[in-house]
Amino acid sequence: MKRLPNLDVLRFVLATLVLFFHLPQLCRNQGLPYFLDAPVFNRGVEAVYMFFVLSGFLIIKTIYSDKQRDVFSIRKFYIRRILRIVPLYYLIVLFGFVFYWIILPKLEIPITNNYPLWDGLLLSVFFLPNVFAKLYMPGGILEVLWSIGIEEQFYIIVAPLLFLVNKNKVLQFLIGLTGLYFLMFHLSFFSFLKSFNMVFFFLFFGGIVAILEEKNQLQFLKKNKIYPLITTVLVLLYFLTDTFHTTDTYIFNLITMVLFGLFIHTIAYNNVGIQIQNKSLNYLGQISYGLYMYHVIALNAVVFLFLKLQIATILNDGLTIVLIYMLTFTFTFIMAHLSYKYFETYFLKLKNKFRE
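For the structure given in this document, a descriptive report is provided here. Worth saying up front: this structure is predicted, and the values here are computed from it rather than measured.

### Notes on the nonpolar core
Grouped together as the largest cluster of nonpolar side chains are 115 residues, with contacts concentrated most on Leu10, Met50, Phe52, Leu145, Phe154 and Met293. Of all the elements, helix H2 (residues 44–68) adds the most residues to this core, at 13 residues. Among all residues touching Phe52, those that are not within four sequence positions of it are Trp146, Ser147, Ile150, Glu151, Val199, Phe202 and Leu203.

This is the structure:
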């Protein structure tokens, strides 16, 4: 399948926004200087939501295309997803438990593991890290896995559902499913969906946009540059200001879902005439899964270093903040690069054997 432009760069930007979100939180908790005033430093969760829309867009686009050619295989679908997601996921799960149960106690750093170890392991191993994070708040390295759990649960749900649906009814089915689930999510009777961040409607809507494009029903968005321009400006306002942020979760989720879906369509099909060809940025996007998974480990290491060496007492607050960001980005990149090159690539090569 032809690789769509700009999406790798988008992945890198989103992973960076998540880092922007987590870094000042840990610094604040550890008494280090931080900067959290600008809205862009508070958009980590929203960046993950765009990841979800993007994931739904790409996954359902692939399933739909395979169904139209009558070659969709659930077995191959799950093998590909397992080889892409699971190895690094389990590596971080293993490290997270070792870190909080063994490494921190050995370093005599105060830590309270307020859950039975086997409960945490079972919830993590069986793809329920979002439930684990909500119930116990087990620490950032393990809590950040909540979004991977949502992705994995989505894969479990979407493949058999779309396999059973007539290939000519996929769009109608997905629209109905998205509408029904969106309503359920916001009803108090189904409050557990919101409690455990089970925001599957973002992924479903990404799929709706992908199928509409496949069916050539979004051509009007390409004929006039004003539509993609407006969408891009609105997304920038979304992340850089508080314009679209409201306490009404129904309205907020609706705006987020639709806006992110339109934006991904805009940049995927180059509707603003911009195609980023920078190899470094595209590579950072390719390793964005690792950037996301390793950034909390890097952040913990940098914060520990600053506390141990009392660096913040030597430098002024501004310089301390800049240095923390630079070191965290550097350590995160190094880990993600090495992981991609020497660990993930092995499984990605296997994954390619199960493409149609």
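### Focus: a nonpolar patch on the surface
A surface patch of nonpolar side chains, amounting to about 600 Å² of accessible area, comprises Phe220, Ile226, Tyr227, Leu229, Ile230, Val233 and Leu237. Examining the composition of the nonpolar patch, we find that 6 residues originate from one element, helix H12 (residues 226–240), more than from any other. Here Val233 lies in helix H12. Val233 sits in the partly exposed class, given a relative accessible area of 40%.

### What about the side chain of Glu152?
Topologically, Glu152 is positioned in helix H7 (residues 146–164). Of the buried charged residues, Glu152 lacks a salt bridge, with Arg81 as the closest side chain of opposite charge at 9.7 Å. Sequence-distant contacts of Glu152, that is, excluding residues within four places in its chain, are made with Ile85, Val86, Tyr89 and Phe127.

### So, the packing of aromatic side chains
In this structure the tally under the stated criterion is 43 aromatic pairs. Aromatic side chains Phe57 and Tyr269 sit 6.4 Å apart centroid to centroid with 70 degrees between the ring planes, which places their arrangement in the edge-to-face category. Pair noted here: Phe57 is in helix H2 and Tyr269 is in the loop between helix H13 (249–268) and helix H14 (279–286), with a separation of 212 residues, a long-range link. Their ring planes at 90 degrees and their centres at 5.0 Å tell us that Phe189 and Phe190 sit as a pair that is edge-to-face. Over the ring of Tyr34 we find Arg28; its NZ or CZ atom is 5.8 Å from the centre of that ring. Looking at Lys222, its charged tip hangs above the ring of Tyr269, at a distance of 4.9 Å from the centre.

### Describing the pattern of salt bridges
Within the structure shown, the criterion is met by 7 salt bridges. Close ionic contact of Asp242 with Arg43 constitutes a salt bridge, the shortest N to O distance being 2.7 Å. Residue Asp242 is located in the loop between H12 and H13, and its partner Arg43 is located in the loop between helix H1 (7–29) and H2; the two are separated by 199 residues in the primary sequence. Judged by its relative accessible area of 3%, Arg43 is buried. Glu213 is paired through a salt bridge with Lys222; the nearest N and O atoms lie 2.7 Å apart.

Conventions we followed
Residues numbered from 1 in each chain as written. Predicted model: local features only at pLDDT ≥ 70, side-chain atom pairs only at ≥ 80, totals over all residues. Heavy atoms only, no water. Core = buried A, V, L, I, M, F, W, Y, C linked by side-chain atoms within 4.5 Å. Buried < 20%, exposed > 50% of the residue type's maximum accessible area, 1.4 Å probe, protein only. Helix = DSSP H or I, 4+ residues; strand = E, 2+ residues; numbered from the N terminus. Contact = heavy atoms within 4.5 Å. Patch = residues over 30% accessible without salt bridge, like charges linked within 9 Å, V, L, I, M, F, W, Y side chains within 5 Å. Areas by Shrake-Rupley, 256 points an atom, 1.4 Å probe, with all protein chains shown as cover. Salt bridge = Lys/Arg side-chain N within 4 Å of Asp/Glu carboxyl O. Lys, Arg positive; Asp, Glu negative; His and termini not counted. Phe/Tyr/Trp six-rings, centres within 6.5 Å; stacked < 30°, edge-to-face > 60°. Lys NZ or Arg CZ within 6 Å of the ring centre and 35° of its normal.

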